[in-house]
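# Overview (structure and organization)
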Amino acid sequence: MAMLGMAFCYIYVYTFFQTWFHTFLVRGRGFSEGSLVFSALPYVVAACANLTGGAASDALVRRLGLKWGRRSLGIAGLGSACLFTIAAMVTRQHLLTVILLSLVYGGITFQQAGVFGVCLDIGRRHAGSMVGLMNTSAQVGGLVSTVAYGYLVDRFRSYDAPFVPMAALLLLGAILWFKIDASRELSTESFATPAQVLTR
């Protein structure tokens, strides 16, 4: 359940970069069409962070073991993303805004390899089911985010207002990582279908 909650939290913020990012830059920070060239930076940072996070996850597992190797990556990634989100909300300088949001996206994608690693660690023979559950919860977070961002902008007349729940959910996601133990394989009962449950 902690995995599902954490996935909801981080994809809620991840989806901002897929849906509202450019609208925020133009309407919330006054970017011109020409200056949007800088908006490619978060995606470059995210790609590098994702690769680095995968390597870091493996290295941390070798050094700290499965439990804290995976956990520390997630806490660091989402915790730093939370702080950078707050900073991006209060700054008005164009380039600094893009840099801070790039670090938010980078923090999220840095821990993402660990998320899928944990699904394999705890799912084992049922890894596919675990990834499916995690991804379902994540996509619900993405759906809620897409609608909530526009609603919050309209309700509070501010493109900064949606950053408050974004920061809160990143913090919650980091806290939920403390409940995730990649060294504990889930029992077969965790993946029982409704029909199997009824026949027991």
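Above this text you will find the structure in question.
Heads up: these notes are all about the structure in this document. (Residues numbered from 1 in each chain as written. Predicted model: local features only at pLDDT ≥ 70, side-chain atom pairs only at ≥ 80, totals over all residues. Heavy atoms only, no water.)

Once that is clear, we can look at the packing of aromatic side chains. Within this structure, the stated rule accounts for 13 aromatic pairs. Considering the side-chain rings of Phe16 and Phe17, the 5.1 Å spacing of their centres and the 80° angle between planes classify their relative orientation as edge-to-face. For the pair shown, Phe16 and Phe17 are each scored as buried. Ring geometry for Phe16 and Tyr149: centres 5.5 Å apart, planes at 40°, overall tilted. One end of the pair, Phe16, is in helix H1 (residues 2-19); the other, Tyr149, is in helix H5 (residues 127-156), and 133 residues separate them in sequence. Judged by relative accessible area, Tyr149 falls into the buried class, the value being 3%. Clustering of aromatic rings is evident, with ring pairs tying together Tyr14, Phe16, Phe17, Trp20, Phe21, Phe24, Tyr43, Tyr105, Tyr149 and Phe163. (Phe/Tyr/Trp six-rings, centres within 6.5 Å; stacked < 30°, edge-to-face > 60°. Buried < 20%, exposed > 50% of the residue type's maximum accessible area, 1.4 Å probe, protein only. Helix = DSSP H or I, 4+ residues; strand = E, 2+ residues; numbered from the N terminus.)

Following the sequence through the fold, Ser57 ends up in helix H3 (residues 41-90). Take Ser57: its relative accessible area is 2%, and that puts it in the buried class. Distance in space between the C-alpha atoms of Ser57 and Leu172 is 21 Å, their sequence separation being 115 residues. If sequence neighbours within four positions are ignored, Ser57 has contacts with Arg70, Leu73 and Gly114. (Contact = heavy atoms within 4.5 Å.)

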